Structures are given as C-alpha cells and as structure tokens.
Amino acid sequence: MSSVNQWIEQYGVLGVFLTSAAEGEIGVLIGGAMAHLGRLSPVLVAIAAWAGSFVSTQAFFHVGRSQRDGRWVSHVKRRRAFAKAMQWIERKPRLFCFIYRFVYGFRVVGPIGISLSKVDSKTFAAINLVSALLWGIGATALGWWAGPTVFEKLGKWFNWHDALIAGGGAMAAVAVFLAWRWMNPRAGLAETAAPENH
C-alpha cells in the first residue's frame, strides 16, 4: 500500500494509470482521495483509471487467446476462481464481460477465461471499454467520497490501507451480490413457489 501511495505521490495521474493497470482499485481509490484534497484532477484520475484498467485487461485477453497452452495461462486456469468464472461465461458471456472487473479475484481470471471462450475479440473490447469506464468513474468517486473527512473519522480505528481495503471490499461485495441475483433470478422464490396447505 505504501508503495502504491508513493507511486501516486511521485507520478500523479500517471501513477494512477500504472497502479490501476498493475494492481487494481487501491491506486484509484487513493487518486480519488487525493482529488478530494485538490492535489489531482478527479476527471483525469477517472480517465487514468479507465485507461489503465482497459489496457491491462485487454492485454490479459490477448495473452490468453494467443498463448492458451502457455505456462502462465495454465497457471491461471488452475486457480479456484477460474472454474467459477467459466461457469458464468457459459451461462451469461456478455454479462460476465461487463461485471467481472467488479468481482474480487476475477481481474485476471476473468479476461483469461473470456479469451478461452467463444466471445470474439471485438465484442469483448467494446463491452470492456464501457465496463472499464464505469469502473474508473465508480472507483474514483468512492475514493473522493471516502476522502479526508471520512479518513479522519476512521483514523481512530483504521489506517489508510484498512479504510481503502474496506471501501474496495464493500464495492466488490455489492457487485458480487447483484451478479448472483442476476445469475440466479429464481433465488429467494422458493417460499412463493411452495404449494400452500389448505
């Protein structure tokens, strides 16, 4: 976390781009918080997050498609989350292309799994572009909202790292729940479907 903070302190918006591409949401949340403090432009932070997320996931997709039998791709396929990702892809491929980046643990296995499916590269790129934009705006806004006021209040119990992890975890948890409900529309209807006793 300290290294991510140092990158953004030193390189500004470029640091947000690099950390969002290499690490994910933590750098963007820090960038959003710094934008709240007036040290960075919130628009540029969101654009950098969008670009970094899009570029990195496109790279994962193309590596997976071109090196599907390679050692690194084989290693990714052995991850526990990969099997779950493939189940989602088989059921709702386009929806998965849109939501995978919002689900914790799917940042790498998501695009790799999609690359091994029947989803064509143009479809993935188009959906990925929109998804990355919404992710960049959302993560920047969360960092802005959880800026100095929130961090000051949370400082008695959490440090910056804990607060940002909690914020990112909350965003991921909401995304997972919404995706689960979307993928399981009949969940929670068991009681209404059960026959009534007269």
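It should be noted that the structure appears before, not after, this text.
Being a predicted model, the structure only gives us computed values, none of them experimental.

S.K.: For this particular structure, what's the right way to read the overall build of the protein?
M.R.: Along the backbone of the protein there are 12 helices and 0 strands. Seen in sequence order, the protein has helices and strands lined up from the N terminus as α-α-α-α-α-α-α-α-α-α-α-α. Residues classed as buried in the protein amount to 42% of the 198 residues present. Total accessible area computed for the protein in this model is approximately 11400 Å², and 62% of it derives from carbon and sulfur atoms.

S.K.: For this particular structure, what's the right way to read the packing of helix H4 (residues 42-66) against helix H9 (residues 121-145)?
M.R.: For any two helices packed against each other, the geometry is given by the interaxial angle and the distance between the axes. Put simply, H4 and H9 touch, their axes get as near as 8 Å, and they point 145° apart. Every pair of crossing elements has a handedness; the one defined by H4 and H9 is right-handed. Only Ser 121, Phe 124, Ala 125, Asn 128, Leu 129, Ala 132, Leu 133, Trp 135, Gly 136, Ile 137, Thr 140 and Trp 144 of H9 make contact with H4, whose side of the interface consists of Pro 42, Val 45, Ala 46, Ala 49, Trp 50, Ser 53, Phe 54, Thr 57, Gln 58, Phe 61 and Arg 65.

S.K.: Explain the packing of helix H3 (residues 25-36) against H9 here, please?
M.R.: Following both chains from N to C, one finds H3 and H9 inclined at 55°, their axes separated by 6 Å at the closest point. Taken together, the axis directions place H3 and H9 in an arrangement best described as oblique. As for the relative orientation of H3 and H9, their crossing is right-handed in sense. On the side of H3, the interface is formed by Glu 25, Val 28, Leu 29, Gly 32, Ala 33, Ala 35 and His 36, while H9 contributes Trp 135, Gly 136, Ala 139, Thr 140, Leu 142, Gly 143 and Trp 144. When its residues are assigned to classes, the contact of H3 with H9 shows 8 nonpolar, 5 polar and 1 charged.

S.K.: I'm lost on the side chain of Ser 115 in this one. Help?
M.R.: Within the secondary structure, Ser 115 is located in helix H8 (residues 109-115). Looking at Ser 115, the relative accessible area reads 0%, which means it is buried. Those residues within four positions of Ser 115 in sequence are excluded, and the remaining contacts are Phe 61, Gly 64, Arg 65 and Arg 68.

S.K.: I keep staring at helix H2 (residues 13-22) and nothing clicks. Help me out?
M.R.: Two residues of an α-helix separated by three or four positions point the same way, owing to the 3.6 residues in each turn. Looking only at H2, the buried set comprises Gly 15, Val 16, Thr 19, Ser 20 and Ala 21. Of the residues one or two after H2, Gly 24 is the one with positive phi, at around 120°.

S.K.: For this particular structure, what's the right way to read H4?
M.R.: With 25 residues, H4 ought to run about 36 Å at 1.5 Å a step, and its terminal C-alpha atoms sit 36 Å apart, in line with that. Regarding H4, the residues found buried are Val 45, Ala 46, Ala 48, Ala 49, Gly 52, Ser 53, Ser 56, Thr 57, Gln 58, Phe 60, Phe 61 and Gly 64. Each element contacted by the buried residues of H4 is listed here: H2, H3, helix H5 (71-77), H8 and H9.

S.K.: Looking at this structure, how should I read the nonpolar core?
M.R.: Note on soluble globular proteins: their nonpolar side chains tend to be buried together. Grouped together as the largest cluster of nonpolar side chains are 24 residues, with contacts concentrated most on Phe 82, Phe 96, Phe 106, Ile 112, Ile 114 and Phe 124. Put simply, the parts of the chain that give this core at least two residues each are H4, H5, helix H6 (80-91), helix H7 (93-99), H8 and H9. The element that contributes the greatest number of residues to this core is H6, accounting for 5 residues. Not counting residues within four places of it along the chain, the set of residues in contact with Phe 124 comprises Thr 57, Gln 58, Phe 61, Cys 97, Tyr 100, Pro 111, Ile 114 and Val 119. Judged by nonpolar contacts, the second largest core, of 14 residues, contains Ile 8, Ile 30, Val 45 and Ala 48.

S.K.: I'm lost on the packing of aromatic side chains in this one. Help?
M.R.: The description of an aromatic ring pair rests on the distance of the ring centres and on the angle between the ring planes. Going through the model one piece at a time under the given rule, you end up with 8 aromatic pairs. Measuring from centroid to centroid gives 6.0 Å for Trp 88 and Phe 96, while their planes differ by 80°, and the two rings are edge-to-face. Taking 6.5 Å as the distance between ring centres and 25° as the angle between the ring planes, the aromatic pair formed by Tyr 100 and Phe 124 counts as stacked. In this pair, Tyr 100 sits in the loop between H7 and H8 while Phe 124 sits in helix H9, placing the two residues 24 residues apart along the sequence. This pair shows no difference in class: Tyr 100 is buried, exactly as Phe 124 is. Three or more aromatic residues joined by ring pairs make a cluster, and in this case those are Phe 61, Trp 88, Phe 96, Tyr 100, Phe 106 and Phe 124.

Thresholds applied
- Residues numbered from 1 in each chain as written.
- Predicted model: local features only at pLDDT ≥ 70, side-chain atom pairs only at ≥ 80, totals over all residues.
- Heavy atoms only, no water.
- Helix = DSSP H or I, 4+ residues; strand = E, 2+ residues; numbered from the N terminus.
- Buried < 20%, exposed > 50% of the residue type's maximum accessible area, 1.4 Å probe, protein only.
- Areas by Shrake-Rupley, 256 points an atom, 1.4 Å probe, with all protein chains shown as cover.
- Axes fitted to C-alpha atoms, helices over the stretch in contact; angles between N-to-C directions.
- Left-handed = near helix turned anticlockwise from the far one by under 90°.
- Contact = heavy atoms within 4.5 Å.
- Parallel < 35°, antiparallel > 145°, perpendicular 65-115°, else oblique.
- Nonpolar A, V, L, I, M, F, W, Y, C, P; charged D, E, K, R; others polar.
- Expected span 1.5 Å × (residues − 1).
- Core = buried A, V, L, I, M, F, W, Y, C linked by side-chain atoms within 4.5 Å.
- Phe/Tyr/Trp six-rings, centres within 6.5 Å; stacked < 30°, edge-to-face > 60°.

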